[in-house]
Amino acid sequence: MIVSVFQGEGTQDPMATPRSSQAEGKAFNDLSGEDQDKLVGRIVRRMLVRNVSRVPVRREELSKALGNDIPRKRKLLQEVIESTKRVFKAELGLEFVEIHRRVAHRGGGGGATQSAATNAAMGSSTTAYILISALPKDLRPEPMSEDDTAMLGFLTLLAALILLEPGCRLSEADLFMSLAKLGLGTAAGATAATPVVHQQLGDVRVLVTKTLPSQGYLEREKEGDSAVLLLGPRLRAELSLEDLLTFVEMAFGSDLDATTRSELTQRYSVDVAGATE
């Protein structure tokens, strides 16, 4: 399967989606092996290309990748996705993961953005997909560079700080105050627009407010003139609750008591439910 998936379709642009006559009006399992490989290959290539930027791929984009000439594409897409999951795991050691991102709605009149709780209650989430390692932790390679190591540490720190907040909702202003104490925040007297450049992380303010939310590591919601940060679906997929609890224990220098561990577990569980409803 893996050879045929990556051979593409002739010498044309691998992102192109030429007409596949046998796919018209048929279920995925009724297609020839060649046509199945072509459709799976389109999704595999689209995911690998987009994974470079770490930005989750919306379901609508995968649908477009199949081609506009495919009837019954909605049903066919899910079947192609299931087959693609098997290819990624068996051939590349990757999990093809479905995530759900919160979508901010505009309220009537004033145009204010509604809260995550309101959005979740309205069922306002969007489906997207990411790639993460399927290897056991003890077989995963170490971060390849200082930049990768710094980013992993920063993401773990952000996740722990959010987890420690009631409702897993951390004020952006409070976060930057905490980061300033660690030498990662805006210096006293500087304006909100002042860049805070870290040797490995780059501009920390841009990283927190734009880059990480776009990549799905954080959810950022406006509340009036301020903003709050929540655990993003990619962060939950890549860092388990046990990873976060272990980090918190290391930061405090002692094991968490049963009550605290239970409370943090409850916060995390409620936040996950709010993001997927």
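That block above? That's the structure.
To start, this report covers the structure provided alongside it. (Residues numbered from 1 in each chain as written. Predicted model: local features only at pLDDT ≥ 70, side-chain atom pairs only at ≥ 80, totals over all residues. Heavy atoms only, no water.)

1. A closer look at the overall build of the chain
A count of helical and extended segments in the chain gives eleven helices and eight strands. When each of the 277 residues of the chain is scored for burial, the buried share is 40%. Looking at the chain alone, contacts between residues at least 24 apart form 65% of all its contacts between residues at least 6 apart. By element, 54% of the accessible surface of the chain is carried by carbon and sulfur atoms, the whole surface being about 14,400 Å². (Helix = DSSP H or I, 4+ residues; strand = E, 2+ residues; numbered from the N terminus. Buried < 20%, exposed > 50% of the residue type's maximum accessible area, 1.4 Å probe, protein only. Contact = heavy atoms within 4.5 Å. Areas by Shrake-Rupley, 256 points an atom, 1.4 Å probe, with all protein chains shown as cover.)

2. Side note on the nonpolar core
The biggest cluster of nonpolar side chains holds 34 residues, and the ones touching the most others in it are Phe154, Leu163, Leu179, Val208, Leu212, Leu218 and Leu235. Looking at this core, the elements with two or more residues in it are helix H6 (146-163), helix H7 (172-181), helix H8 (204-215), strand E8 (226-231), helix H10 (241-252) and helix H11 (258-276). Among the elements that line this core, the one with the most residues is H6, at nine residues. Leu39, Val40, Ile43 and Val57 belong to the second-largest nonpolar core, a separate cluster that totals 20 residues. (Core = buried A, V, L, I, M, F, W, Y, C linked by side-chain atoms within 4.5 Å.)

3. Observations concerning the sheet that holds strand E4 (residues 170-171)
Within the open sheet, the three strands sit side by side as E4-E8-E7. Their pairing is antiparallel. Where the open sheet ends on each side, the last strands, each with one partner, are E4 and strand E7 (218-223). In terms of strand pairing, E4 meets E8 through two bridges, oriented antiparallel. Counted as the bridge partner of Ser171 is Val228 from E8. (Pairing = 2+ DSSP bridges.)

4. Comments concerning unusual backbone geometry
In this structure, Arg54 is a non-glycine residue whose phi angle is positive, near 70°. Structurally, Arg54 is set in the loop between helix H2 (33-51) and strand E1 (57-58). The backbone of Cys168 sits at a positive phi, close to 55°, despite the residue not being glycine. Along the chain, the position of Cys168 falls in the loop between H6 and E4.

5. As for the packing of aromatic side chains
Under the defined criterion, the tally for this structure stands at two aromatic pairs. An angle of 45° between the planes, with centres 5.3 Å apart, marks the rings of Phe96 and Tyr129 as tilted. With Phe96 in strand E2 (residues 94-102) and Tyr129 in strand E3 (residues 125-133), this residue pair connects regions lying 33 residues apart in the sequence. Of the residues examined, Tyr129 reaches a relative accessible area of 1% and is grouped as buried. (Phe/Tyr/Trp six-rings, centres within 6.5 Å; stacked < 30°, edge-to-face > 60°.)

6. Concerning the packing of H6 against H10
With their axes 10 Å apart at the nearest point, H6 and H10 run at an angle of 90° to one another. Viewed along their axes, H6 and H10 adopt a mutual orientation that is roughly perpendicular. Contacts from Thr156, Leu157, Ala159, Ala160 and Leu163 of H6 reach H10 at Leu241, Leu244, Leu245, Phe247 and Val248. Tallied by class, residues from the contact of H6 with H10 come to nine nonpolar, one polar and no charged. (Axes fitted to C-alpha atoms, helices over the stretch in contact; angles between N-to-C directions. Parallel < 35°, antiparallel > 145°, perpendicular 65-115°, else oblique. Nonpolar A, V, L, I, M, F, W, Y, C, P; charged D, E, K, R; others polar.)

7. Describing the packing of H6 against H8
What describes two packed helices is the angle between their axes and the distance between those same axes. One way to put it is that H6 packs onto H8 with a least axis distance of 13 Å and a crossing angle of 70°. Considering their axes alone, H6 and H8 lie roughly perpendicular with respect to each other. Where H6 abuts H8, its residues Met151, Phe154, Leu155 and Leu158 lie against Val204, Leu207, Val208 and Leu212.

8. Quick word on the pairing of E8
Each regular strand carries side chains that alternate between the two faces of the sheet. Taking burial as the measure, the six residues of E8 include five buried ones, the bulk of the element. For E7 and E8, the ladder comprises six bridges, and the chain directions are antiparallel. For Arg220, the partnering residue across the bridge sits in E8 and is Leu229. Joining the antiparallel neighbours E7 and E8 is a turn of two residues, in which Gly224 adopts a positive phi near 70°.

9. Overview of the side chain of Glu172
By secondary structure assignment, the location of Glu172 is in helix H7. Exposure remark for Glu172: the relative accessible area of 10% places this residue in the buried category. With near-sequence residues (within four places) excluded, Glu172 lies in contact with Thr209, Arg220, Ala227, Val228 and Leu229.

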